[in-house]
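Single-letter residue listing:
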Amino acid sequence: MSAALRAGMATIRVWDPFVRTFHWTLALSFAVAWLSGEGPETLHNLAGYAAGVLVLARIAWGFFGLGYARFSQFVRSPAAVVDYLKSIAAGSERRFIGHNPAGGAMVVVLLAAVAATAATGWMLTMDTFWGSTSLQRLHSVLAHGVLLLVVAHFFGVVLASLRHRENLARAMVIGDKRAPGPGDVA
């Protein structure tokens, strides 16, 4: 029995096993690719290919997966994202059971950035682009951009965890979050 249930607080399953496995495996593959960027080329390439395949699988799951994993559940308009960011600045943001509008936007941007980084890395292995300094530069800029996005994602998770008094990293490990309360967006 979870601590939340023992304390009389109901929980619900939000993140399915695929989403949780994808999340942590992508984090690991990006870390390995980043750390091996100037090191073992084979390891770097394998980690990059793994990241690319993971992104493709997550995109498919975003259309065919379960509840909170579906893009239709969490991808919002740019105006909704801006409104949510304004509510964060005002300290009045609502708690979302799945991804909040800013988190949903981050998912989309991270998927696109990792896909572009993996694609440019793969292109660098092709005869056509072998030794292309402009493509190498683009690959490096994209990888650095992904790292900045990961840092922003981390701080967003910490902020939301503190504001809504729930450990979002733990939820991405076990899959459960506190059940919706009054004012929460399910």
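Residues numbered from 1 in each chain as written. Predicted model: local features only at pLDDT ≥ 70, side-chain atom pairs only at ≥ 80, totals over all residues. Heavy atoms only, no water.

J.: Would you explain the pattern of salt bridges in this entry?
T.: Any two side chains of opposite charge can pair if their charged atoms end up close together. In the structure shown here, the tally under the stated rule is five salt bridges. The partner of Arg95 in a salt bridge is Glu166, with the nearest N and O atoms 2.8 Å apart. Within this pair, whereas Arg95 is found in the loop between helix 5 (78-90) and helix 6 (101-123), its partner Glu166 is found in the loop between helix 7 (133-164) and helix 8 (168-174), the two being separated by 71 residues in sequence. Residues Arg95 and Glu166 agree in their burial class; the two are buried. (Salt bridge = Lys/Arg side-chain N within 4 Å of Asp/Glu carboxyl O. Helix = DSSP H or I, 4+ residues; strand = E, 2+ residues; numbered from the N terminus. Buried < 20%, exposed > 50% of the residue type's maximum accessible area, 1.4 Å probe, protein only.)

J.: How do you make sense of the nonpolar core when you look at a structure like this?
T.: It is characteristic of soluble globular proteins that their nonpolar side chains tend to be buried jointly. Leu26, Leu111, Val114 and Val146 are the most contacted members of the largest nonpolar core, which has 16 residues in total. The set of elements that each furnish at least two residues to this core consists of helix 2 (17-35), helix 3 (41-64), helix 4 (71-74), helix 6 and helix 7. If one sorts the elements of this core by residue count, helix 6 sits on top with six residues. Ignoring sequence-local partners within four residues, the contact set of Leu26 consists of Ala51, Leu54, Val55 and Val114. (Core = buried A, V, L, I, M, F, W, Y, C linked by side-chain atoms within 4.5 Å. Contact = heavy atoms within 4.5 Å.)

J.: What am I meant to see in the layout of surface pockets here?
T.: The method is simple in principle: a probe with the dimensions of a water molecule rolls over the atoms, and the space it marks as empty is what remains. Estimates place the volume of the largest pocket at around 1200 Å³. In terms of lining, the largest pocket is formed by 49 residues, of which the most central are His23, His99, Met106, His153 and Val157. Mapped by element, the contributors of at least two residues to the lining of the largest pocket are helix 2, helix 5, helix 6, helix 7 and helix 8. Broken down by element, the residue count for the lining of the largest pocket peaks at 13 residues, all from helix 7. A class-by-class count of the residues in the lining of the largest pocket yields 34 nonpolar, ten polar and five charged. Size it by volume and the second largest pocket reaches roughly 770 Å³. The set of elements that each furnish at least two residues to the lining of the second largest pocket consists of helix 2, helix 3, helix 6 and helix 7. For the lining of the second largest pocket, a count of residues per class yields 13 nonpolar, 14 polar and two charged. (1 Å grid on protein atoms, 1.4 Å probe; cavity = no way out; pocket = protein on both sides within 12 Å on 5 of 7 lines; lining within 4 Å. Points joined across faces, edges and corners; volume = space filled by probe spheres on them. Nonpolar A, V, L, I, M, F, W, Y, C, P; charged D, E, K, R; others polar.)

J.: Sorry if this is basic, but what is going on with the packing of helix 2 against helix 3 here?
T.: Any two packed helices are characterised by the angle at which their axes cross and by the distance between the axes. Where helix 2 meets helix 3, the axes come as close as 8 Å, and the angle between the chain directions of the two elements is 155°. In this view, helix 2 runs roughly antiparallel relative to helix 3, as classed from their interaxial angle. Read as a crossing pair, helix 2 and helix 3 show a hand that is left-handed. Residue-level contacts link Phe18, Val19, Phe22, Thr25, Leu26, Ser29, Val32 and Ala33 of helix 2 to Leu43, His44, Ala47, Gly48, Ala50, Ala51, Leu54, Val55, Ala57, Arg58 and Trp61 of helix 3. In terms of residue class, the contact of helix 2 with helix 3 is built from 14 nonpolar, four polar and one charged. (Axes fitted to C-alpha atoms, helices over the stretch in contact; angles between N-to-C directions. Parallel < 35°, antiparallel > 145°, perpendicular 65-115°, else oblique. Left-handed = near helix turned anticlockwise from the far one by under 90°.)

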